[in-house]
Amino acid sequence: MAGERKKKGTSGNAKNYITRTQAVKKLQLSLPDFRKLCIWKGIFPREPRNRRKASKSSTASTTFYYTKDIQYLLHEPLLQKFRDQKVLEKKISRALGRGDVTDASRLERNAARPEKTGKPRYTLDHVIRERYPTFVDAVRDLDDCLSMLFLFANLPSTAAVPAKMVAKCERLCLEFQHYIIVSHSLQKSFLSIKGIYYQANIQGEDVLWLVPYKFNQRVVGDIDFRIMGTFVEFYMTLLKFINFRLYTAAGLKYPPVFDQAKDDLAGELGAFKLEGNRALVEGEEAPKQITNGESTTSAGPDPKTQAAVNKLLSQMRQEEDGSEAQAKESGAAEEQATNAIDKFEPAAPGGDILPQPALNGNDTGSLFANCTFYLSRETPRQPIEFILRAFGCKRIGWDAVLGEGAYTTNELDPSITHHIVDRPILQAANGNGVAEDNQTAQKLAANQRVPGRTYVQPQWVWDSINDAELKRPDMYAPGASLPPHLSPFVKSTQGSYDPTVPLEEQQTEAEALAESDGEDVGEDAENDMDIAEDDEEDEEDEDEAFGGFGEDEGDDADEGEEQLSEMQHQEELEAELAGKPLKRAAAATPQNKAKADARKKLAAQAREDAEDLERAKGMLSKKKRRLYDMMEYTNKKKSDQDKVLREKRRKIEKQRSKA
């Protein structure tokens, strides 16, 4: 008996995939609401193996989704919220169409209008719990969340970006920064063209986010802020949950106390006050009970009994302390041996060096604890303040024009140890003979700085935290040529270009020979005029002082002439084969001869290596040979990039040496 014939579109790709149009019709939603729902639930388009089989219509479909994903959305509570909102809007428009203003106003009052009532139409709490079953999963997805919220916190308010959204994003970001400061979680930071990168370790997970610079942002019209706003709405809920969990774990009360007056005066981090969530603060008196209108303390034990108990407890503590002291003395040597830290040494010369362990992992959190900083008004206050506080600094002052929350606004405060400036100090004398520093409003003596204070540029802060040590301030003095600011997120591998290593240790033998040839050519060009002027005088002196050849001198001259003629003949043959004009022969000196021999030896070695490589490749299978060719192409591309970087550095060093 023949098997039953399957109906078309009930199995395979046609069953597993569904087009976007079909999904919208199935969910009975508008396209904007469908996009919102997919973004919040983490559902994204899929690409079928065979588009023709997946499409159920004759027209070409461009966007496909898994049928199971759309089936999963049918049970979403937000779906009913969208439908109720759509039904209510239809009722309001119908009432206005028939002229019933009273009914329309009544329906309007029942509608959820966040911009007027402040009540949200829906909440995304259940979506956060579904997408992130554990807190670690939420922390792992924090990179894009922070980057997006910090971006919107710096945007100007427009019709597409409401002012309330910008203010909420900024507040959530500042709350997160306060946790980073309290927990000393910040590890690295890097100044790039896009903005400032930060990396923090939160409960064992590395979180990397990007913060744009505090410039006036220009909002262009070719960006769909509706899609970005949907992401921001989800990320705000996510960050609020994460902040609550982090504050609670750190023993802090969430949300922190917010001072709107300080925030209006650009207080930013200073507008928040952190409080503990403990019921009783240490040192607080016992709670009092109110009886018959009089305040009395709660009843306690008998004073004599309590005194006897306290005496007995003190004797027991003294005995325990004595036994503990003896145990500590006997095991002191053992503790010294067991507390020693293992050192990880590379297994082979030039191998990767593992991070060395430390006794205390939070040493870098107090890097700036003993420093008092003052920020000039041209420096970026927000990132510098955040980094300094995250690494233990408690006293940061700045000019009054930068906002509220400064430790001091007086530049001449004697407690200041480090002064951060971002341009050379230029002083202009006025009529009274007193110069005014153009960086602050304070007046200083002419050509004089505040004694006992270190002046550095802002890059000193970033390089110090990345290297986990206070860098030499003379390298970052105002007006000094700063060292290269390298990314701490890029780890140099063996054989690649490393800006921190001298150029002589990285360049190849061929590059070293080419560099020495260039130096010789420059020296020859400088000495050409002197040689030409001295030729005639030398010829006259030789004619007058010539006394004939000796036997040894004649033999040496003949041998030198024979070697020179052979080299010239070889160069003529090479130039003829290459079709190039013969260059002017250089002076036959032992140094030039040694370089020529080195070049020949290098070329012979290169030819020998190429032949060995070809023979080895011939032993490989076709698949492995193709894989090796891909690896060789990638390595050659990387080596060419390293060569370009070395050439740039070589030119810069030559320019500096000439200057």
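Analysis parameters
Residues numbered from 1 in each chain as written. Predicted model: local features only at pLDDT ≥ 70, side-chain atom pairs only at ≥ 80, totals over all residues. Heavy atoms only, no water. Helix = DSSP H or I, 4+ residues; strand = E, 2+ residues; numbered from the N terminus. Buried < 20%, exposed > 50% of the residue type's maximum accessible area, 1.4 Å probe, protein only. Contact = heavy atoms within 4.5 Å. Areas by Shrake-Rupley, 256 points an atom, 1.4 Å probe, with all protein chains shown as cover. Pairing = 2+ DSSP bridges. Axes fitted to C-alpha atoms, helices over the stretch in contact; angles between N-to-C directions. Phe/Tyr/Trp six-rings, centres within 6.5 Å; stacked < 30°, edge-to-face > 60°. Core = buried A, V, L, I, M, F, W, Y, C linked by side-chain atoms within 4.5 Å. Salt bridge = Lys/Arg side-chain N within 4 Å of Asp/Glu carboxyl O.

A. Structural context of the overall build of the protein chain. When its secondary structure is counted, the protein chain shows 22 helices and 16 strands. Burial analysis of the protein chain (659 residues in total) assigns 29% to the buried set. Contacts spanning at least 24 positions in sequence make up 61% of the contacts within the protein chain whose residues lie at least 6 apart. About 44700 Å² of surface is accessible on the protein chain, with carbon and sulfur atoms providing 52% of the total.

B. How the structure looks around the sheet that holds strand S10 (residues 372-375). Within the open sheet, the four strands sit side by side as S11-S10-S12-S16. Their pairing is parallel. Looking along the sheet, the strands with just one partner apiece sit at the ends: strand S11 (395-398) and strand S16 (454-456). Ignoring which end each strand starts from, the neighbouring axes of this sheet average 25° apart. Sheet topology places S10 next to S11; four bridges connect them, and they run parallel. By the bridge assignment for S11, Tyr-374 is matched with Gly-397. Together, S10, S11 and strand S12 (418-420) form the strand contacts of helix H17 (residues 381-390), whose direction differs from that of S11 by roughly 165°.

C. A look at the sheet that holds strand S3 (residues 186-191). The three strands lie next to each other as S3-S4-S5, forming an open sheet whose pairing is antiparallel. Because the sheet does not close on itself, it has two edges, and the strands there are S3 and strand S5 (205-211). The average undirected angle you get between the axes of adjacent strands in this sheet is 15°. Of the strand pairs in this sheet, strand S4 (residues 196-202) and S5 are connected by seven bridges, and their pairing is antiparallel.

D. Up close: the pairing of S4. With five of seven residues buried, S4 is to be regarded as a mostly interior element. Counting the residues between successive antiparallel strands, the hairpin from S3 to S4 contains four residues. Taking the residues that link successive antiparallel strands as the turn, the S4-S5 hairpin has two residues, and the phi of Gln-203 there is positive, at about 50°.

E. How the structure looks around the packing of aromatic side chains. Inspection of the entire model under this criterion finds 19 aromatic pairs. Aromatic pair Trp-40 and Tyr-122: ring centres 5.4 Å apart, planes at 55°, arrangement tilted. Note that Trp-40 is positioned in helix H3 (residues 31-41) and Tyr-122 in the loop between helix H8 (114-117) and helix H9 (125-131), a separation of 82 residues in sequence. Of the two residues, Trp-40 and Tyr-122, both sit in the buried class.

F. Quick peek at the nonpolar core. Membership of the largest hydrophobic core comes to 91 residues, with the highest contact counts inside it found for Phe-152 and Phe-368. Here this core gets 11 residues from one element, more than from any other, and that element is helix H13 (residues 225-249). Not counting chain neighbours up to four residues away, the residues in contact with Phe-152 comprise Val-161, Met-165, Val-166, Cys-169, Phe-225, Met-228 and Val-232.

G. Molecular detail of the pattern of salt bridges. Going through the model one piece at a time under the given rule, you end up with 17 salt bridges. Of the charged contacts in the structure, one is a salt bridge between Arg-171 and Glu-175, with a shortest N-O distance of 3.7 Å. Here Arg-171 and its partner Glu-175 are both found in helix H12 (residues 163-183), four residues apart, which amounts to about one turn of the helix. Salt-bridge contacts for Arg-472 lead to Asp-474; the nearest nitrogen and oxygen are separated by 2.7 Å. Shared partners join several salt bridges into a network, and the residues in it are Lys-41, Glu-76 and Glu-130.

H. Inspection of unusual backbone geometry at higher detail. A cis amide bond links Tyr-254 to the next residue, Pro-255, at an omega of -5°. Along the chain, the position of Pro-255 falls in the loop between H13 and strand S6 (257-258). Although it is not a glycine, His-184 sits at a positive phi angle of roughly 55°. Here His-184 lies in the loop between H12 and S3. Here Glu-268, not a glycine, exhibits a phi torsion of approximately 50°, which is positive. With respect to the helices and strands, Glu-268 occurs in the loop between helix H14 (260-264) and strand S7 (272-273).

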